[in-house]
Amino acid sequence: MDGRVSWRVRHVWERNLKVFLRTWKVSFLPPIFDSLFFLIALGYGLGQFVQEIDGVGYARFVAPAIVAIGIMNASYFETTYGSFVRMYYQKTFDALIATPVSIEEVIVGEILWGATKAVIYTALILPLLAVFGVISLPGSLLLLPLALLGGLLFGAIGLCFTAWTPSIDTLSYPQFLFITPMMVLSGTFFPIESLPLPVQYVAYACMPLAHIVSLARALTLPAAAPLAFGSLLWLAAATALVVFVAVRLMRRRLVV
Amino acid sequence: MTSPAILAEGLEKRFGALVAVDRCSFVVNEGEVFGFLGPNGAGKTSTMRMIACVSPKTGGRLEVFGLDVDEHPREIKALIGVVSQENNLDPDLSVYDNLVVFARFFEIDRAEAARRADELIEFFGLGEKRDTVIEVLSGGMKRRLTIARALINRPRLVVLDEPTTGLDPQARALIWERLRTLRDRGSTILLSTHYLEEAERFCDRLVIMDGGRILIEGRPDEIVRSRMGRSVIEVEDDPAVLDCLAREGIGYERFGDSVHITTDAPEPLIQHLVSSCNPSRISVRNTTLEDVFLRLTGRGLKD
């Protein structure tokens, strides 16, 4: 990106943080309540009818998936709907690039902010899960750096769709064709191993959430699930690639 | 030798097959108020966006304070303040926060940003609204804040794209007054506007653009004097009067329901018209920039 990304990305990030903190009381509630309802409905409601998986109760099985879904939603929705509103309706990006901040810094700043939201949401969900005793500490604190990595990836994925979408309405396509199937098929609510083998391959090849779930589960249930270094590698490589693509696509949309 | 504020030579902007700015050349000197006039789609905004380094040029040469726009966008953007046509204030933030957050983009430290924000709030009469979220401000206040924000980096050049469009006369007057103060302090100002009377009074020099090309450049009074007679005689658009004008060999232009005849010697012509064509309505006034504008860019030309 030929020297167009400097430390100035922090200004984009700071601007978003300032707006977020203005309404923090409202902003902090959704992740907590979403996770609480998931845990009650799945972990304790559905969980009564489910046998132990890999030697753990269903609530403990589903808890890391709740965190993983939170990571995905926080960053993906921030850089799709959030970024689209800033770009298209509020013209925030236009105002930013009239200053020494470059367009590439705006794009990277948005991705970083999406990742930050994933970290914030994870930090809000973790104490809740700890109170219910469904995650093990201190290992689960490593979900925070995982949220940063996963947030970067989903933030960049979201921005690719923002660069592509003609209007805010068409952003629903990636949501029901990509995000929703991923949410239910990534080993979140049932072990990915119960899917037919070819489907498992597809899941691991093109569903980032499957890798985040696998890593999150290894961190919250260290005894039951081995840490998959392959998943870590996959996430790191995918993040680098998608950030690069997101910058290219957004540049093409914004530089006219 | 110091460089001019803006130097454009054969500047061009294409969007695919469309040529928005067609080989334009002009120079804006430091301390000057320079106007871009022209109908919608003339290429004014495209030109200003290239100067502001937010839209890459597709041809020609463009320098701001001697810096090439392609090579030094960051340095140029640090030296200028931009007021775009569309409101791009931060709707989630207060008046004050809009200014201080924007100051950070220029690497202005927090204490200095706070000082400048208060200064600008004072200068633009926004004191009462300092901590109001900008969503509830009136259009005039939003525009004042947008201009205030563009001054946060103490720019050497201020670029304003239609700063008074859509505002009521009071709000417009206030903005012109503040811009005049800026001009008197020595800022270079580049602006586009549809208010020709305001442009005529405010601009040291201006260009009239149409279809991506510069049609005329110069001081407003010179443009008016060189292009048209000193006075405009207006009579009603009536077939009998038009026949009479044609018979008498008097050139005229039709605008809406009236007919304009430009001349340097209005008195004898009025007498002649009254006696030979007998119009029911006749008036005379000084030629304005608007007359030149309409002649250069308008339709219905009949000479």
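### Remarks on the overall build of chain B
No. 1: Check the secondary structure of chain B and you find 11 helices and 14 strands.
No. 2: Its C-alpha atoms give chain B principal-axis dimensions of about 75 × 45 × 35 Å.
No. 3: Across chain B, the fraction of contacts at a sequence separation of at least 24, relative to all contacts at a separation of at least 6, is 70%.

### What about the nonpolar core?
One recurring pattern in soluble globular proteins is that nonpolar side chains are buried together.
No. 1: Counting residues in hydrophobic clusters, the biggest one holds 143 residues, and the most contacted among them are Ala68, Ile111, Ala156 and Ala246 of chain A together with Val159 and Leu190 of chain B.
No. 2: The biggest single contributor to this core is helix H4 (residues 58–89) of chain A, with 16 residues.
No. 3: In contact with Ala246 of chain A, other than residues within four places in its own chain, are Ile107, Ile111, Ala156, Leu159, Cys160 and Ala163 of chain A.
No. 4: In this structure, Ile233, Val235, Tyr252 and Val259 of chain B belong to the second largest nonpolar core, which totals nine residues.

### A few points about the domain arrangement of chain B
No. 1: Split by domain assignment, chain B resolves into domain 1 (6–224) and domain 2 (229–286).
No. 2: Just the C-alpha atoms count here: the centres of domain 1 of chain B and domain 2 of chain B sit 40 Å apart.

### Things to note about the pairing of strand S2 (residues 18–28) of chain B
Residue and element names in this part refer to chain B.
No. 1: Relative to S2, strand S1 (residues 6–15) is paired through seven bridges, and the arrangement is antiparallel. Considered in S2, the bridge of Phe15 is made with Leu18.
No. 2: From the end of S1 to the start of S2, which pair antiparallel, there are two residues, and Gly16 there has a positive phi angle of about 60 degrees.

### Looking at the interface of chain A and chain B
No. 1: Contact with chain A, which involves 19 residues of that partner, is made by 20 residues of chain B.
No. 2: With six residues, helix H1 (residues 9–22) of chain A is the single largest residue contributor to the side of chain A that touches chain B.
No. 3: Looking at the side of chain A that touches chain B residue by residue, the class counts come to nine nonpolar, four polar and six charged.

### Thoughts on the sheet that holds strand S9 (residues 205–210) of chain B
Residue and element names in this part refer to chain B.
No. 1: Spatial ordering of the open sheet is given by S6-S7-S8-S3-S9-S10, a layout of six strands whose pairing is mixed. Pairing within the sheet leaves two strands with one partner each, and these edge strands are strand S6 (80–83) and strand S10 (213–218). With direction set aside, neighbouring strand axes in the sheet form an average angle of 15 degrees.
No. 2: The pairing of strand S3 (residues 33–37) with S9 spans four bridges and is parallel. Counted as the bridge partner of Phe36 is Val207 from S9.
No. 3: Of the strands in this sheet, S3, S9 and S10 touch helix H11 (residues 289–297), which is tilted by about 30 degrees from S9.

### Concerning the packing of helix H3 (residues 29–45) of chain A against H4 of chain A
All names here are of chain A.
No. 1: At a minimum axis distance of 9 Å, the contact between H3 and H4 shows a crossing angle of 150 degrees. By the angle between their axes, H3 is roughly antiparallel relative to H4. Where H3 crosses over H4, the handedness of that crossing is right-handed. Within the contact between the two elements, H3 uses Pro31, Ser35, Phe38, Leu39, Leu42, Gly43 and Tyr44 and H4 uses Tyr58, Ala59, Val62, Ala63, Ile66, Gly70 and Ala74.
No. 2: The class makeup of the residues in the contact of H3 with H4 is 11 nonpolar, three polar and no charged.

### Some words on helix H10 (residues 266–276) of chain B
No. 1: Counting buried residues along H10 of chain B, only one of its 11 residues qualify, which leaves the element largely exposed.
No. 2: Where H10 of chain B ends, the next residue or the one after it, Asn278 of chain B, has phi of about 50 degrees, a positive value.

### Side note on the confidence of the model for chain B
No. 1: When pLDDT is averaged across chain B, the result is 91; 98% of the residues are at 70 or more.
No. 2: In the model output, the complex is listed with pTM 0.90 alongside ipTM 0.86.

### Concerning the packing of helix H3 (residues 95–105) of chain B against helix H5 (residues 139–150) of chain B
All names here are of chain B.
No. 1: As a packed pair, H3 and H5 sit with axes 9 Å apart at the nearest point and diverge in direction by 25 degrees. Classified by the interaxial angle, the pair formed by H3 and H5 is roughly parallel. In this structure, the crossing between H3 and H5 has a hand that is right-handed. Seen from H3, the contacting residues are Val95, Asn98, Leu99 and Phe102; seen from H5, they are Leu145, Ala148 and Arg149.

### Observations concerning H4 of chain A
Residues and elements named next belong to chain A.
No. 1: Over its 32 residues, H4 runs 43 Å from end to end, which matches the ideal 46 Å to within 8%, given 1.5 Å per residue.
No. 2: Across the 32 residues that make up H4, a large majority, 26, are buried.
No. 3: Lys91 sits one or two positions beyond H4 and adopts a positive phi of about 55 degrees.

### A closer look at the sheet that holds S2 of chain B
All names here are of chain B.
No. 1: Strand order across the open sheet formed by four strands is S2-S1-S4-S5, with antiparallel pairing between neighbours. Every other strand in the sheet has two partners, leaving S2 and strand S5 (67–68) as the edge strands with one partner each.
No. 2: On top of the sheet, helix H1 (residues 44–51) reaches S1, S2 and strand S4 (59–64); it is set at about 120 degrees to S1, its chief contact.

### Considering the confidence of the model for chain A
No. 1: On average, chain A scores 93 in pLDDT, and the residues at 70 or more come to 98%.
No. 2: For chain A, helix H2 (residues 24–27) of chain A is the element with the lowest average pLDDT, namely 84, and helix H7 (residues 143–164) of chain A is the one with the highest, namely 98.

### Regarding the environment of Ala237 of chain A
No. 1: By the element assignment, Ala237 of chain A lies in helix H11 (residues 229–254).
No. 2: As a C-alpha pair, Ala237 of chain A and Ala203 of chain A span 34 residues in sequence and 17 Å in three-dimensional space.

Analysis parameters
Each residue is numbered by its place in its chain's sequence as written, counting from 1. Chain A is the first chain written and ligand 1 is the first ligand written, with later ones labelled in order. Restriction of local features to residues with pLDDT of at least 70 applies here, the model being predicted, together with a cutoff of 80 or more for giving and counting side-chain atom pairs; totals for whole chains, interfaces and linings are based on all residues. Put simply, DSSP H or I for four residues or longer makes a helix, DSSP E for two residues or longer makes a strand, and each gets a number counted from the N terminus. Residues are treated as contacting if the C-beta atoms built from their backbones sit within 7 Å of each other. Joined through C-beta atoms within 7 Å, a set of buried Ala, Val, Leu, Ile, Met, Phe, Trp, Tyr and Cys residues constitutes a nonpolar core. To sort residues by exposure, count the other C-beta atoms lying within 10 Å of each residue's C-beta; 20 or more gives buried, 12 or fewer gives exposed, and values between give partly exposed, all with C-beta atoms placed from the backbone. Marked domain ranges trace back to an automatic or database domain assignment. DSSP bridges decide pairing: two strands pair if at least two such bridges lie between them. Under the scheme applied here, ten amino acids are nonpolar (Ala, Val, Leu, Ile, Met, Phe, Trp, Tyr, Cys and Pro), four are charged (Asp, Glu, Lys and Arg), and all others, including Gly, are polar. Every axis in this analysis is a line fitted to C-alpha atoms, fitted for helices over the stretch in contact. Angles between the N-to-C directions lie between 0 and 180 degrees. Note that the term roughly parallel is reserved for angles under 35 degrees, roughly antiparallel for angles over 145, roughly perpendicular for angles of 65 to 115, and oblique for everything else. Working rule for handedness: look at the near helix, and if it is turned counterclockwise from the far one by less than a right angle, call the crossing left-handed; if clockwise, right-handed. Scored from 0 to 100, pLDDT records how confident the predictor is in each individual residue. In a helix, the anticipated span is given by 1.5 Å times the number of residues less one.

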